[in-house]
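# Per-entry structural report
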Amino acid sequence: MNGRAVRLGLGLVTLALMLAALYMVFVYVPTEADQGIVQRIFYFHVPCAWVAFASFALVAIAGVFYLWLGQQVWDDLGYAAAESGMVFCTLVLVTGSIWAKPIWGAWWTWDSRLTTTLILWLLYGGYLMLRAMAGDSEQGARFGAVVGIVAAIDVPIVIVSVRLWRTIHPAVLVTRQGGHGLEDPRMVATLLVSLAAFTALFIWILCLRFVTLRMRTRLGALARSLALAEAAAQD
Amino acid sequence: MTSFVAVLRKDLLLEVRGGQSTVALGALSLLVLVVLVFAFNPGGGEQGAEAAAGALWVALVFSGMLGATRAVSAENENGCIRALLMSPLDRAALYAAKLAAAFIFMAVAEAASIILMVLFFNLEFDARVMRLVPAVLLGALGFAALATLLAGISSRLRGGDLILPLLAVPMFVPALIAGVKASASALGGASLAELALWLKVLIAFDVMFVAAGYLLFEYVAGEE
């Protein structure tokens, strides 16, 4: 029951951080001068992007360990990370579109970061479809690991090629001289709290999903040994 | 190395003696080009060159998917793959041979598509068309490397034909961007040196995916 207490604690921490982030985004932080109220979505958009990228990196790392060690636990971790990451990747695209409509005047542009995120979303959508199709098998786990690794190899070259192709996305975090950064320290504080809140949310969701997958693995093993025992009893 | 040559020789021999892969690939490329001529209604000139480059790469993607599927799934029929896996053949050599076969099928289909593209899009057979060749060959190699690995997965799943394009096309995007850009500027009269940036992206893509396929194919064409 120790694990249950940890998960409960994690949920409570996530709740507290999320409430703090909501308060800061809607009440505490000053409205950005140029973009107005819409800019506040940025405090959810960036943490979602960070979590999505981190989770997809986790898919690849788990894939490497699964192929190396062959332990089911790594596959359960990778699968859980891909599913949770997909949720946040979808949120990145949705919040980005909501922001882009008033600021750029279009829901979607083929800017480099938008395109990269969309391709990432398609890649991991393909991963999840593959897993759904392969079912609950050792083969499915192996295929998932291979695709997770190959997709992660693909990401850097997607970023480079799409950037060479075009870019208009504001460089908020990598401020160049005279570029737009976050002028007010309250903005930085809000972003940091939001990042912490979303990271906690991701870890919590990942834990819940991971535990569910672990249970499913154990249940499958039990069902198999039960079937074997029954077959032996009949002989 | 000898096992690589043996498997490749077998595949090419099968193809020469009445295999239909290259014919099917060529026919598919022809159809794609015809469909895209209807879709774009190219008027020739500068814009025509860009549409032609795009059409050529769409044809490449489609024929690549078919080529890799043919090279890999031909072994699944009659359970030949089991014999190959039981033989003392290195999995990586098997991958290399399948990749080479898919690449050769694709290269033949691409040669046909380039000629058809020039005809359909009212271009000229001149040095500009020749400068397409490096980009198209690099693109074909990259797609063959990627699709051979993924066809190893899709051919072993029920309903797997569906999953191959869903995985291969998003992964191929970097090479697609570089290839279309390089081809459009080549047809627009750019010199090879001006294409160097895009060719480098294609080379990077090829190196990474050939290496990834070589290392990971072992886990795809696994036991059972």
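Scroll up to find the structure this text is about.
Residues numbered from 1 in each chain as written. Chains lettered and ligands numbered in written order. Predicted model: local features only at pLDDT ≥ 70, side-chain atom pairs only at ≥ 80, totals over all residues. Heavy atoms only, no water.

## Considering the layout of surface pockets
Residue and element names in this part refer to chain B. When its volume is computed, the second largest pocket comes out at roughly 450 Å³. In terms of residue count, the dominant contributor to the lining of the second largest pocket is helix H8 (residues 163–187) (eight residues). Classifying every residue of the lining of the second largest pocket gives 15 nonpolar, two polar and two charged. (1 Å grid on protein atoms, 1.4 Å probe; cavity = no way out; pocket = protein on both sides within 12 Å on 5 of 7 lines; lining within 4 Å. Points joined across faces, edges and corners; volume = space filled by probe spheres on them. Helix = DSSP H or I, 4+ residues; strand = E, 2+ residues; numbered from the N terminus. Nonpolar A, V, L, I, M, F, W, Y, C, P; charged D, E, K, R; others polar.)

## Looking at the packing of helix H3 (residues 72–104) of chain A against helix H4 (residues 112–134) of chain A
Residues and elements named next belong to chain A. Relative to each other, H3 and H4 sit at 145 degrees, their axes nearing to 9 Å. Where H3 crosses over H4, the two elements pack in a sense that is left-handed. Where H3 approaches H4, its residues Asp 75, Gly 78, Tyr 79, Ala 82, Glu 83, Met 86, Cys 89, Thr 90, Val 92, Leu 93 and Trp 104 are matched on the opposing element by Leu 114, Thr 117, Leu 118, Trp 121, Tyr 124, Gly 125, Tyr 127, Leu 128, Arg 131 and Ala 132. Split by residue class, the contact of H3 with H4 holds 14 nonpolar, four polar and three charged. (Axes fitted to C-alpha atoms, helices over the stretch in contact; angles between N-to-C directions. Left-handed = near helix turned anticlockwise from the far one by under 90°. Contact = heavy atoms within 4.5 Å.)

## Remarks on helix H2 (residues 21–40) of chain B
Residues and elements named next belong to chain B. Helix length check: H2 (20 residues) gives 28 Å between terminal C-alpha atoms against 28 Å at 1.5 Å per residue, within 8%. Residues of H2 that are buried: Ser 21, Leu 25, Gly 26, Ser 29, Val 32, Leu 33 and Leu 36. Down the axis of H2, the buried side of the element spans an arc of 125 degrees, and every buried residue falls inside it. Away from its buried face by more than 90 degrees, H2 exposes Val 23, Leu 31, Val 35 and Phe 38. Downstream of H2 by one or two residues, Asn 41 has phi in the positive range, about 50 degrees. (Expected span 1.5 Å × (residues − 1). Buried < 20%, exposed > 50% of the residue type's maximum accessible area, 1.4 Å probe, protein only. Arc of directions from axis to C-beta.)

## Section: unusual backbone geometry
A positive phi angle, near 55 degrees, is found at Asn 122 of chain B, a position not held by glycine. Take Asn 122 of chain B: its relative accessible area is 59%, and that puts it in the exposed class.

## Quick notes on the pattern of salt bridges
Summed over the entire model, instances satisfying the criterion amount to seven salt bridges over all chains. In this structure, the salt-bridge partner of Arg 142 of chain A is Glu 138 of chain A, at a minimum N-O distance of 3.2 Å. Here Arg 142 of chain A pairs with Glu 138 of chain A, and both are found in helix H5 (residues 138–165), just four residues apart, close to one helical turn. The exposure class of Glu 138 of chain A is partly exposed, given its relative accessible area of 45%. With a closest N to O distance of 2.8 Å, Asp 11 of chain B and Lys 10 of chain B form a salt bridge. (Salt bridge = Lys/Arg side-chain N within 4 Å of Asp/Glu carboxyl O.)

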